[in-house]
Amino acid sequence: MTKKASSTAPSAKNIVTSSEVPEICRTSDTPELNTEKRVVLFIAILAGFITPFDGSAVNIALPTIGAEFHMNAIALSWVATAYLLSSAVFLVPFGKIADIYGRKKVFLYGIAIFSFASLMMTMVPSTEMFIGIRVFQGLGSAMIFGTGVAIVTSVFPPGERGKALGIYITAVYLGLSLGPFLGGVMTQYLGWRSIFFVNVPIGLAAILLILWKLKGEWAECRGEKFDLTGSVIYGAAVVAVMYGFSVLPHFKGTVLIAVGIIGVIIFALYEMRVPSPVLEIRLLTKNRIFALSNLAALINYSATFAVTFLLSLDLQYTKGFTPEHAGIILIAQPVIQAMISPIAGRLSDRIEPRIVASTGMTLTAIGLFLLIFLTETTSISYLILTLLVLGSGYGLFSSPNTNAIMSSVDKRFYGVASGINGTMRLLGQMFSMGIAMMIFAVVIGPVEITPEYYPQFISSLHYAFILFTIFCIIGIFASLARGKRSLTADVSTASAKKN
């Protein structure tokens, strides 16, 4: 680096400082933090729980939903993918909008949209409307996810922030863990519509608490111009890639995927030239640890997210389990993940995060490799053992990898870094579902999954898990290649305190 960094933050090889990324944002008047912190955290917990719960619970209900609407395999994939696609398209723009116009405002509107869409889901009459409202629901989820952590970070001082964020993340894991089990029970005894209806009272409670207790506002980039052009390019590119996956092997699918990839390249080049980018690309181009850690996260989510979706279909179609029993089996993975993640996070404070995370990626690859051998007669004990391996791998990977990401940037970029990491998560999940859709389109075609198509369905699972295993093996090398964690962020903090 040739330019002088911040007076309180010395530059380093793997730290992007304010000298490299223009300081566009200016701190707004800090709202009086007379709001009860526990109430703020409780609101964040409610929001943090319902969004992952909805996604994991719906996966269990897909066979029941598909039977009612006579959906084919590709349409079933779109029920999950539409939600992720919408979240991925809107997360980055609304994260920036929240910084400009106020996080509380965007958070409130997000919960209102999510709750209203959930209510509408209980009344859908057709497949097309079902998928359409899932897009609307994904918009609300993006607005919630892009601002919830930022509000908690704004309210809690550094000495209390780690504990508060830990509680919030626990709520997210709780939503993921309870989703398969409660989703299965609710689908079995109350019908699949109950999964969406339960979001409504939770959302209303959160809205009332926000209006009653949250009087301040947080907007560190107030007055900055919103990058509408970059947002449109980004959204169009992502939609083109995902829709292209769903129409393969037709030539149109190949063209759409190619157009989407070109769109992503154009977006990256454009964002590096505008004064107020919607996504700070330079954090990825100037910082090796940050870039490779996010790449590792993208690969990991791409290889693992569709596993629950595929196994849910396998358990209920080919093995004949009820939604309740399928949910009980699938809960093994997120439970072990939730148990190991906090331990792995503490471990990454003592050992290089890349070592712990790479170990987790290796375990994940082993678990995915074991799933390649699934058949219609595979024992449940074998499946549960494989899920425990997968959960252990992901638990070891997630927290240390996030630690590496956040430790590699200067403090003023914590919000941006968190947003980029969240975008990698959603893009990875969406890409994972895109692969599942592509394989279904090629192997099964646009038909309903009935017993006569079970052999093709099992073949689809094999192809998917082979690809996912290869992804994870590549991810191991990306995780190891990031290099050692720099202590510059810690030095910067100490220097700031000293000065």
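Residues numbered from 1 in each chain as written. Predicted model: local features only at pLDDT ≥ 70, side-chain atom pairs only at ≥ 80, totals over all residues. Heavy atoms only, no water.

Draft legend 1. Seen up close, the overall build of the chain. When helices and strands are tallied, the chain shows 18 helices and 0 strands. In the chain, the proportion of contacts linking residues at least 24 apart, taken out of those at least 6 apart, comes to 84%. (Helix = DSSP H or I, 4+ residues; strand = E, 2+ residues; numbered from the N terminus. Contact = heavy atoms within 4.5 Å.)

Draft legend 2. How the structure looks around the packing of aromatic side chains. One pass over the structure, following the stated rule, counts 16 aromatic pairs. Taking the centre distance of 6.4 Å and the plane angle of 90 degrees together, the rings of Phe116 and Phe136 count as edge-to-face. Of this pair, Phe116 sits in helix α3 (residues 103–121) while Phe136 sits in helix α4 (residues 127–155), and the two are 20 residues apart along the sequence. The class for Phe116 is partly exposed, based on a relative accessible area of 46%. A relative accessible area of 33% places Phe136 in the partly exposed class. On the basis of an interplanar angle of 80 degrees and a centroid distance of 6.4 Å, the ring pair of Tyr317 and Phe457 is categorised as edge-to-face. Pair noted here: Tyr317 is in helix α11 (residues 288–317) and Phe457 is in helix α17 (residues 454–480), with a separation of 140 residues, a long-range link. What makes Phe457 buried here is its relative accessible area of 0%. (Phe/Tyr/Trp six-rings, centres within 6.5 Å; stacked < 30°, edge-to-face > 60°. Buried < 20%, exposed > 50% of the residue type's maximum accessible area, 1.4 Å probe, protein only.)

Draft legend 3. Examining unusual backbone geometry more closely. Phi at His70 is positive, roughly 55 degrees, even though this residue is not glycine. Exposure remark for His70: the relative accessible area of 61% places this residue in the exposed category.

Draft legend 4. Layout of the pattern of salt bridges. Evaluated as defined, the whole model comprises 3 salt bridges. With its nearest N and O atoms 2.8 Å apart, the salt bridge here joins Asp54 to Arg134. Linking Asp54 in helix α1 (residues 37–69) with Arg134 in helix α4, this pair joins segments that are 80 residues apart in sequence. Among the residues examined, Asp54 registers a relative accessible area of 0% and is labelled buried. Taking the shortest distance from any N to any O, the salt bridge between Glu68 and Arg193 comes out at 2.8 Å. Here Glu68 is found in helix α1, whereas its partner Arg193 is found in helix α6 (residues 193–197), with 125 residues between them in sequence. When its relative accessible area of 39% is taken as the criterion, Glu68 is described as partly exposed. (Salt bridge = Lys/Arg side-chain N within 4 Å of Asp/Glu carboxyl O.)

Draft legend 5. The arrangement of the side chain of Ser231 in detail. By the secondary structure assignment, Ser231 is in helix α8 (residues 228–247). Its relative accessible area of 9% is what places Ser231 among the buried residues. Looking at Ser231, its side chain comes within polar contact range of the main-chain oxygen of Asp227, at 2.9 Å. Apart from the residues lying within four places of it in its own chain, the contact partners of Ser231 are Pro93, Phe226 and Val278. (Polar contact = N/O pair within 3.5 Å; in protein donor to acceptor, adjacent residues only side chain to side chain.)

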